[in-house]
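For reference, the chains in residue letters:
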Amino acid sequence: MGEVRRAVLDGRRLRIRYAAPDREPIRRTVDPIGLVTVRDTGYLLATVDGEDRTYRLSRILDAEQLVEPARRTLSVDLEELWRARGTRFRAGDAALTAVVRADPLRRDEIAETAVAILEETRDPDGWLRMHVTFQDLRHAVWAVWQLGMSAEALEPPELRATLRDRAAAIATRYAEPE
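Residues numbered from 1 in each chain as written. Predicted model: local features only at pLDDT ≥ 70, side-chain atom pairs only at ≥ 80, totals over all residues. Heavy atoms only, no water.

### Description of the packing of aromatic side chains
Reasoning step 1: Evaluation of the coordinates by the stated rule reveals one aromatic pair.
Reasoning step 2: Measuring from centroid to centroid gives 5.0 Å for Tyr18 and Tyr55, while their planes differ by 75°, and the two rings are edge-to-face. With Tyr18 in strand E1 (residues 12-18) and Tyr55 in strand E4 (residues 51-56), this residue pair connects regions lying 37 residues apart in the sequence. Taken individually, Tyr18 and Tyr55 each receive the classification buried, so the pair is uniform in this respect.
Reasoning step 3: The ring of Trp145 has Arg166 lying over it, and the distance from NZ or CZ to the ring centre is 5.0 Å. (Phe/Tyr/Trp six-rings, centres within 6.5 Å; stacked < 30°, edge-to-face > 60°. Helix = DSSP H or I, 4+ residues; strand = E, 2+ residues; numbered from the N terminus. Buried < 20%, exposed > 50% of the residue type's maximum accessible area, 1.4 Å probe, protein only. Lys NZ or Arg CZ within 6 Å of the ring centre and 35° of its normal.)

### Thoughts on the sheet that holds E1
Reasoning step 1: Taken in spatial order, the five strands line up as E4-E3-E2-E1-E5 in an open sheet, and their pairing is antiparallel. Taken across any chain shown, the strands that pair with only one partner, and hence form the sheet edges, are E4 and strand E5 (60-69). On average, adjacent strands in this sheet sit at an angle of 45° to one another, irrespective of strand direction.
Reasoning step 2: In this sheet, strand E2 (residues 26-38) lies alongside E1 in antiparallel orientation, the contact comprising five bridges. Its bridge partner lying in E2, Ile16 is registered against Arg28.
Reasoning step 3: Sitting on the sheet, helix H1 (residues 2-10) is in contact with E1, E2, strand E3 (41-48) and E5, with an inclination near 25° to E5. (Pairing = 2+ DSSP bridges. Axes fitted to C-alpha atoms, helices over the stretch in contact; angles between N-to-C directions. Contact = heavy atoms within 4.5 Å.)

### Here we look at unusual backbone geometry
Reasoning step 1: Look at the link from Glu155 to Pro156: it is a cis peptide, with omega at -5°.
Reasoning step 2: The topology assignment puts Pro156 in the loop between strand E9 (151-155) and helix H5 (157-173).

### Things to note about the pairing of E1
Reasoning step 1: Relative to E5, E1 is paired through six bridges, and the arrangement is antiparallel. Each bridged residue has a counterpart across the sheet, and for Arg12 the counterpart in E5 is Pro69.

### As for the sheet that holds strand E8 (residues 128-134)
Reasoning step 1: In spatial order, the strands read E7-E8-E6-E9; together these four strands make up an open sheet with antiparallel pairing. Two strands bound the open sheet, and with one partner strand each, they are strand E7 (116-122) and E9. Taken over all neighbouring pairs, the strand axes of this sheet differ in orientation by 25° on average, direction set aside.
Reasoning step 2: In terms of strand pairing, E7 meets E8 through six bridges, oriented antiparallel. The partner of Ala116 across the bridge, within E8, is Thr133.
Reasoning step 3: Along the sheet face, H5 touches strand E6 (96-102) and E9 and points at about 140° away from the line of E9.

What follows is the structure, given as structure tokens:
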């Protein structure tokens, strides 16, 4: 991601191709503000038409620094900016809280993906029962699906239904030909 780093340091606009989970990659021109690393994951903090945006570096498929200067303030407190964005994000209306049972060996994967783990207990069979906040339903489906048979969504019903429908579609696709 050298091109992203150069655009941040040079104060230039950046054209990226970004692949959000379960979506087709999109092209976007951004005004880069800075780079942060949280739990070994790198992020680009930027604005698009003055609106805050955060991009996971591993999802930027390609980047091109433009000649136009980035529209941003000269000095930025990245730690404070990251904290403020995280607070706004966690307070968003689209957030979804789910109850998920998971193999304890996969707990770290949930913690890295979720917005927050609100409560955590151990079931008699040793699995963890967690009340977890995700960005929205799409994020929850993606996170639980990644764990395969090592997790089970218990609530809300729309999360269970979406996972069930996805699993049924996959089973149908791979059914033995008649």
